[in-house]
Amino acid sequence: MSKIIVLMGAPGAGKGTQARLLQERLGLPQISTGDIFRALAKANTPLAEEVRAIQQAGRLIPDEVVIRVVEDRTAQDDCRNGYVLDGYPRTAAQARMLEELAARQNKKLSTILIDVPQELLEKRMTGRRSCPVCGEIYNTYFRPPKFDNKCDFHLGAELTHRADDTAEKVRVRLETYNRETAPLLEYYKRTGRLHRVDGTQKREAIYAAIQNILNSDSVATVQ
Ligand code: AMP
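Predicted, not measured: the structure shown is a model, and the values here were computed from it.

**A word on the overall build of the chain**
Here's step 1: When its secondary structure is counted, the chain shows eight helices and seven strands.
Here's step 2: What you see for the chain is a C-alpha radius of gyration of 17 Å, in line with the 17 Å of a compact globule of 223 residues.
Here's step 3: Taking the contacts inside the chain whose residues are at least 6 apart along the sequence as the reference set, 70% of them involve residues at least 24 apart.
Here's step 4: When the accessible surface of the chain is split by element, carbon and sulfur atoms take 51% of a total near 11,400 Å².
Here's step 5: Looking at the chain, you have 34 positive and 29 negative side-chain charges, and the mean spots of the two groups are 2 Å apart.

Have a look at this one:
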C-alpha cells in the first residue's frame, strides 16, 4: 500500500527541508500547502489578496479552502504512488479530512514529528532564507550560504526572506501552532501512528532517522 508521509512539527522545525530531500531521493511529490498558497498569493485577484493578508499576519487560511486545494493537488497523477505532506494537517478538521482522503485513495498515513524545542524555532525562522530559483533553504545563523545572501547553486539569485519570518509574525505563528496543531499530535499518538525524530540534529541525520521509520513503519511509534 502506498504511503502518505505526513511531516508534522512547528513552523521552523525543518519540514520543508526534509520534504524536499524525500522528493529528490524517493521521487515522491512534496506537497507544501504553505508554498502552494504563497504562489497563489502572487496573483492580482481578491482571493490572492485575502490569502496574502492571512499569511502575512501568520494566521491560518480557512479549512474549506485548504481542504479543497489538498484534494485537488493529491488527485493528480504524480501522487498515485504516494506523496509527502508538509504543513498539512494543521487543524482537527483538516486531520479528519486526511483520514477520509487516505481511505479513499487507499493509502496509509505515516506521521512523523520533527521535534525541535520552542526556543530554537525562533532563530530557525528569523534566520531562514531561500533561493527563489531552486528553493534551497539556508539559515544565517546555522547554515549560511557561501557568499553573502546568494544561493550556492545560483550565484545570480539574491536569497529571499519570507514576509512572515519576522520576529513578531513568528510569535503569532508559534502561538497558532501550539493552539491548533499541537493537539493533533496527541490524536496520532493515541491511534498509534506517531513517530518522532530529533529535529535538532543535522539534516542528513534527520533524513536517516526518517528513512528508518519509513522502512519499519509499524514499529517504534511514540507511546
Ligand atoms: P508554512 O510555509 O507551512 O509555514 O505556511 C505559511 C502560511 O501558509 C501559514 O502561516 C498559513 O497562513 C498558511 N498555511 C499553510 N498551510 C496551511 C494549512 N494547512 N492550513 C491553514 N493555513 C495554512
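Past the structure itself, the notes keep going.
**Let's talk about the environment of I137**
Here's step 1: Take I137: it is sitting in strand β6 (residues 137–139).
Here's step 2: I137 sits 117 residues away from R20 along the chain, and the two C-alpha atoms are 9.8 Å apart.
Here's step 3: For I137, the residues in contact, after removing those within four places along its chain, are G16, T17, R20, R128, R129, R143 and R203.

**Some points on the confidence of the model for the chain**
Here's step 1: In the predicted model, the chain carries a mean pLDDT of 94, and 97% of its residues have values of at least 70.
Here's step 2: For the chain, the element scoring lowest by mean pLDDT is helix α6 (residues 118–126), at 92; strand β3 (residues 82–86) scores highest, at 98.

**Examining helix α3 (residues 46–57)**
Here's step 1: For α3, with twelve residues, the first-to-last C-alpha span of 17 Å sits near the 16 Å given by 1.5 Å per residue.
Here's step 2: Within α3 the residues assigned to the buried category are A48, V51, I54 and Q55. Take α3 and look down its axis: the buried residues cluster within an arc of 130 degrees, on one side only.
Here's step 3: Along its buried surface, α3 packs onto α2 (33–40).
Here's step 4: At the exit of α3 stands G58, carrying a positive phi of roughly 80 degrees.

**Structural notes on unusual backbone geometry**
Here's step 1: Of note, the amide linkage connecting Y88 to P89 takes the cis form, showing an omega dihedral of 5 degrees.
Here's step 2: Mapped onto the elements, P89 comes out in the loop between β3 and α5 (92–105).
Here's step 3: The phi torsion at N106 lies on the positive side, around 55 degrees, for a residue other than glycine.
Here's step 4: Summarising the element assignment, N106 is placed in the loop between α5 and β4 (108–115).

**Things to note about the nonpolar core**
Here's step 1: Within the largest apolar cluster, 51 residues are counted, with the highest numbers of intra-cluster contacts made by L98 and I210.
Here's step 2: The dominant element in this core, judged by the number of residues it contributes, is helix α7 (residues 167–190), at six residues.
Here's step 3: With five residues, the next largest nonpolar core counts C131, Y138, C151 and L159 among its residues.

**Focus: the site of the ligand**
Here's step 1: Lining the immediate environment of the ligand, one finds 15 residues, of which T33, Q55, R59, G87 and Q94 sit closest.
Here's step 2: G87 is positioned such that a nitrogen or oxygen atom in its backbone is 2.9 Å from a nitrogen atom of the ligand.
Here's step 3: The separation between an oxygen atom of the ligand and a polar side-chain atom of R162 is 3.1 Å.
Here's step 4: When the ligand sits alone it has 480 Å² of accessible area, and the protein chains cover 96% of it.
Here's step 5: Among the elements that take part in the shell around the ligand, α2 stands out by supplying three residues, more than any other.

Scoring rules and cut-offs
- Residues numbered from 1 in each chain as written.
- Predicted model: local features only at pLDDT ≥ 70, side-chain atom pairs only at ≥ 80, totals over all residues.
- Heavy atoms only, no water.
- Helix = DSSP H or I, 4+ residues; strand = E, 2+ residues; numbered from the N terminus.
- Rg over C-alpha atoms; globule rule 2.2 N^0.38 Å.
- Contact = heavy atoms within 4.5 Å.
- Areas by Shrake-Rupley, 256 points an atom, 1.4 Å probe, with all protein chains shown as cover.
- Lys, Arg positive; Asp, Glu negative; His and termini not counted.
- Charge placed at Lys NZ, Arg CZ, Asp CG, Glu CD.
- pLDDT = per-residue confidence, 0-100.
- Expected span 1.5 Å × (residues − 1).
- Buried < 20%, exposed > 50% of the residue type's maximum accessible area, 1.4 Å probe, protein only.
- Arc of directions from axis to C-beta.
- Core = buried A, V, L, I, M, F, W, Y, C linked by side-chain atoms within 4.5 Å.
- Near = heavy atom within 4 Å.
- Polar contact = N/O pair within 3.5 Å; in protein donor to acceptor, adjacent residues only side chain to side chain.

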